[in-house]
Every structure is written in structure tokens, then in C-alpha cells.
Amino acid sequence: MAEKSDPNYKVIAENRRARFDYFIENDLEVGIVLSGSEVKALRTGQSNIADSYASVEGGELWLINSYIAAYKEAGVFGHEERRRRKLLVSKRELSRLWQAVGREGMTLVPLVMYFNHKGRVKLKIGVAKGKKVADKRATEAKRDWNRQKQRLLKQG
């Protein structure tokens, strides 16, 4: 909770659908390589990570299909909106992620993109396993039951 009270901490984009579609086994904070116009566009809050995913390719971790809107003031020095962006992670973590994706059939899903307390852009990715339709229904039923239980406790 200490991060939330920090004035520099700001959530840029959140992938709320990820927790509905996947079982998140664990998560990891990674850095992201951006150009200047991309950072400026992120400060205005124009981005989307809902359709994106991370992939280990050629010994590097990449964020694929993320959207960062064009920064109009950059003019011709702007950036591509849906380019592949390199993610910064240690070699040990990279090998662990590669193993999870290759052997265990997991998926690397971006959960939230934010400015940390130093003002740097960070991305939290989750190592996830896909949910089936029945699992989604069970999760929703459990959530509804917890809400109903809270209401009953408040009334009583």
C-alpha cells in the first residue's frame, strides 16, 4: 500500500480482463524500453494493454501488440503506435519465464502499466494459465457469494 500514497505513482493502463480470463500464478515487475514521445504520450494516459501479451524470443522478452497513442507534438519524430517493445528483466527471471511458457504451457499477460515512485514506466506481467468457461462461472459465483455474505454481515 505504500506505493499508492506516493505522489509519483500513477497507473497508466490496466488489464482488468486478464484476471477474468486467466489464473494468475505469480506476477513480476519489469522495465520497458520506450522512446521519448512514447513516455510523453503515456503521461497523457493514452494507452491500452488489454489486447497485448509478452513473449520470449531470441533470448529477450518482448511486449507485443500494446497500444500507445501518437504524441502530436512530436511531429515526424514520433513513434509507431503498436510496435513491439522490449521488456527489461534479469537473465534468471528470463530463463524462469521461458521455462514456464515452454514446458508448463503458461502465458505471459500484462496486468498493469504504471509510473513507479521514481517516475519510470514499469509493467507488471503475470505468469498465467487460461481459464475454461466453467472456471469463469465458478469464479463469478464465488465473488457473488462473497458480496452477499458481506451484505448479510453489515445488516446483522
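By the naming in an unreviewed UniProt entry, the protein chain is SsrA-binding protein, taken from Albidovulum sediminis. Per UniProt, the protein chain has the following entry under Sequence similarities (unreviewed entry): "Belongs to the SmpB family." Listed under Subcellular location (unreviewed entry) in UniProt, the entry text for the protein chain is "Cytoplasm".

Participant: Which residues make up the overall build of the protein chain, and what are the values?
Facilitator: Counting its regular elements, the protein chain contains five helices and nine strands. Secondary structure elements in the protein chain, listed N-terminal to C-terminal, are α-β-α-β-α-β-β-β-β-β-α-β-β-α. Projecting the C-alpha coordinates of the protein chain onto the three principal axes gives extents of approximately 60 × 40 × 30 Å. Long-range pairs, those at least 24 residues apart, make up 67% of the contacts in the protein chain between residues at least 6 apart in sequence.

Participant: Account for the pattern of salt bridges, naming residues and giving values.
Facilitator: Within this structure, the stated rule accounts for 10 salt bridges. With a shortest N-O distance of 3.0 Å, Glu38 and Arg85 are connected by a salt bridge. Placement of the pair is Glu38 in helix 3 (residues 36-43) and Arg85 in strand 7 (residues 85-88), with a sequence separation of 47 residues. Grouping residues by exposure puts Glu38 and Arg85 together as buried. A salt bridge links Asp144 to Arg147; the shortest N-O distance between them is 3.4 Å. On the criterion of helical spacing, the pair formed by Asp144 and Arg147 is a turn pair, its members being three residues apart in helix 5 (residues 133-155). On the basis of relative accessible area, Asp144 is assigned to the partly exposed category, the value being 37%. Using a relative accessible area of 44% as the deciding quantity, one classes Arg147 as partly exposed. Several salt bridges share partner residues, and in doing so they unite Arg17, Asp21 and Lys136 into one network.

Participant: Outline the nonpolar core, listing residues and values.
Facilitator: Of all hydrophobic cores here, the largest spans 25 residues; its most connected members are Leu42, Leu61, Leu87, Met113, Val121 and Leu123. Going through the elements one at a time, strand 1 (10-14), strand 2 (22-32), helix 3, strand 5 (60-64), helix 4 (91-102), strand 8 (107-115) and strand 9 (121-130) are the ones with two or more residues in this core. The element best represented in this core is strand 9, accounting for four residues. Aside from chain neighbours lying at most four places away, what touches Leu123 is Leu28, Glu29, Val30, Ile49, Leu63, Leu87, Pro110, Val112 and Met113.

Participant: Let's hear about helix 3: which residues, and what values?
Facilitator: If you check which residues of helix 3 are buried, you get Ser37, Glu38, Ala41 and Leu42. End-on, the buried residues of helix 3 take up no more than an arc of 140°, which puts them together on one face. Buried-residue contacts for helix 3 involve strand 1, strand 3 (47-48), strand 6 (67-68), strand 7, strand 8 and strand 9. Phi turns positive one or two residues past the end of helix 3, at Gly45, with a value near 85°.

Participant: Break down the packing of aromatic side chains for me, with residues and values.
Facilitator: The geometry of an aromatic ring pair comes down to the distance between the two centres and the angle between the two planes. Applying the stated rule across the entire model yields one aromatic pair. Judged by centre distance (5.3 Å) and plane angle (40°), the rings of Tyr9 and Tyr114 are tilted. Separated by 105 residues along the polypeptide, Tyr9 in the loop between helix 1 (2-5) and strand 1 and Tyr114 in strand 8 bring together distant segments of the chain. Here Tyr9 matches Tyr114 in class, with each residue buried. Positioned above the aromatic ring of Phe115, the side-chain terminus of Arg43 is 4.2 Å from the ring centre. Here the basic side chain of Arg84 rests over the ring of Trp62, its NZ or CZ set 4.7 Å away from the ring centre.

So, how was this worked out
- Residues numbered from 1 in each chain as written.
- Predicted model: local features only at pLDDT ≥ 70, side-chain atom pairs only at ≥ 80, totals over all residues.
- Heavy atoms only, no water.
- UniProt positions renumbered as here; feature names shortened; annotations may be inferred.
- Helix = DSSP H or I, 4+ residues; strand = E, 2+ residues; numbered from the N terminus.
- Contact = heavy atoms within 4.5 Å.
- Salt bridge = Lys/Arg side-chain N within 4 Å of Asp/Glu carboxyl O.
- Buried < 20%, exposed > 50% of the residue type's maximum accessible area, 1.4 Å probe, protein only.
- Core = buried A, V, L, I, M, F, W, Y, C linked by side-chain atoms within 4.5 Å.
- Arc of directions from axis to C-beta.
- Phe/Tyr/Trp six-rings, centres within 6.5 Å; stacked < 30°, edge-to-face > 60°.
- Lys NZ or Arg CZ within 6 Å of the ring centre and 35° of its normal.

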